[in-house]
Amino acid sequence: MPRRLKKSERQRRILLELKLHPHVRVSDLARRFDVSTETLRRDLDSLSREGLISRAYGGASVPTRGTYPDLTERSGARAAERARIAQAAAALVHPGETLMIDSGATMIEVARALAWRGTPCTVITNSLPVAMTLGEGAAEVILAPGAYQAAESAVTGTDTVAFLNGFRVDRCMIGAAGLTGEGPFETVRGFTAVKRAMLSRSCHTHLVLDSGKFGRTGLNHVGALDMLSSVVVETRPPADLASALHRAGVDVLIAD
């Protein structure tokens, strides 16, 4: 009799199956893994909540990416602004601190700024470029496990979130696709849960983004403004957003 797979292994294989086929059926997967259809539906529901799949009638499909540019496309946009913002964010980190760093083009710039400053610290990240940028310098780097998202060069999923929840750090640096008075928003669905985990496990929480994200929303609401300690940006936000940040007790740090 074949070995019964653990939940994490089943979900990993479901994601692998979706790399090969655009749609999978509950009945087929349940039969293949020798589990009940109820168990398989719970697996799909869990993966759907993480944004890794889209639930469809009788099964699941690959999530629709929409028109949001991937990491490579975003890396060339507003490069000068992001470099200034990253330097201001890196200056917040004190020697010996522990921190979590999110994935994304701006977070890679934060990693470069930290490496340039030579700040000795411990960094936990889900981003391969962040890990590689910091890995040769003064920082100790811990790379989270998870399902690899090639377009973002990062990992997400239940394993990633569970791993992050096992730590408590001094501060985190996260990015976002948009920021309004409701809080930060994310467009790449699988990363919302990662950002929430980082925010919940950090004493000081910093949203690092450029002013082009002001007023934008996305499919997923990361959380309320009061989850943030500060927003690091290159210019002051518009009056309505500035008022909302002030009411929530969020500092606005302007990069020089």
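Details of the structure are given in the entry above.
Residues numbered from 1 in each chain as written. Predicted model: local features only at pLDDT ≥ 70, side-chain atom pairs only at ≥ 80, totals over all residues. Heavy atoms only, no water.

A.B. asks: Residues and numbers for helix H7 (residues 128–135), please.
C.D. replies: Listing the buried residues of H7 in full gives Pro-129, Val-130, Ala-131 and Leu-134. Its side-chain oxygen placed 3.2 Å from the backbone nitrogen of Val-130, Ser-127 serves as the N-cap of H7. (Buried < 20%, exposed > 50% of the residue type's maximum accessible area, 1.4 Å probe, protein only. Helix = DSSP H or I, 4+ residues; strand = E, 2+ residues; numbered from the N terminus. Polar contact = N/O pair within 3.5 Å; in protein donor to acceptor, adjacent residues only side chain to side chain.)

A.B. asks: Could you give me a rundown of unusual backbone geometry, with the residues and numbers involved?
C.D. replies: At Asp-34, a position not held by glycine, the phi torsion is positive, near 60°. Under the relative-accessibility criterion, Asp-34 is labelled partly exposed at 37%. Positioned with a positive phi, Ser-153 is a non-glycine residue whose angle comes to about 50°.

A.B. asks: Lay out the sheet that holds strand E13 (residues 220–221) in plain terms, naming residues and giving numbers.
C.D. replies: Spatially, three strands are ordered E10-E11-E13 in an open sheet, and the strand pairing comes out antiparallel. Of all the strands in the sheet, just strand E10 (178–180) and E13 have a single pairing partner and so form its edges. (Pairing = 2+ DSSP bridges.)

A.B. asks: Could you give an account of the pairing of strand E15 (residues 251–254), with specific residues and numbers?
C.D. replies: When strand E14 (residues 230–233) meets E15, the two strands line up parallel, connected through four bridges. Counterpart to Ser-230 in the pairing with E15 is Asp-251. Where the polypeptide runs from E14 across helix H10 (residues 239–247) and back to E15, its parallel neighbour, the crossover connection is right-handed. (Right-handed = clockwise from strand over helix to strand, strands pointing away.)

A.B. asks: Go over helix H2 (residues 26–33) with me, naming the residues and quoting the values.
C.D. replies: Restricting attention to buried positions, one finds in H2 the residues Val-26, Leu-29, Ala-30 and Phe-33. What you see down the axis of H2 is that its buried residues fit within an arc of 100°, all on one side. Exposed residues lying more than 90 degrees from the buried face of H2 are Arg-31 and Arg-32. Looking at the residues trailing H2, positive phi occurs at Asp-34, about 60°. (Arc of directions from axis to C-beta.)

A.B. asks: Now, about the sheet that holds strand E1 (residues 23–25): what can you tell me, with residues and values included?
C.D. replies: Taken in spatial order, the three strands line up as E1-E3-E2 in an open sheet, and their pairing is antiparallel. What marks the edges here is a single partner per strand, and that holds for E1 and strand E2 (54–56). Between one strand axis and the next, the sheet turns through 30° on average, direction left out of account. Its contacts with the sheet put H2 on E1 and strand E3 (59–61), and the angle it makes with E1 is roughly 65°. Contacts between helix H3 (residues 37–49) and the sheet are confined to E2 and E3, with E2 contributing the most and set at about 140° to the helix. (Axes fitted to C-alpha atoms, helices over the stretch in contact; angles between N-to-C directions. Contact = heavy atoms within 4.5 Å.)

Note that all results are geometric; they support no functional claim without further evidence.
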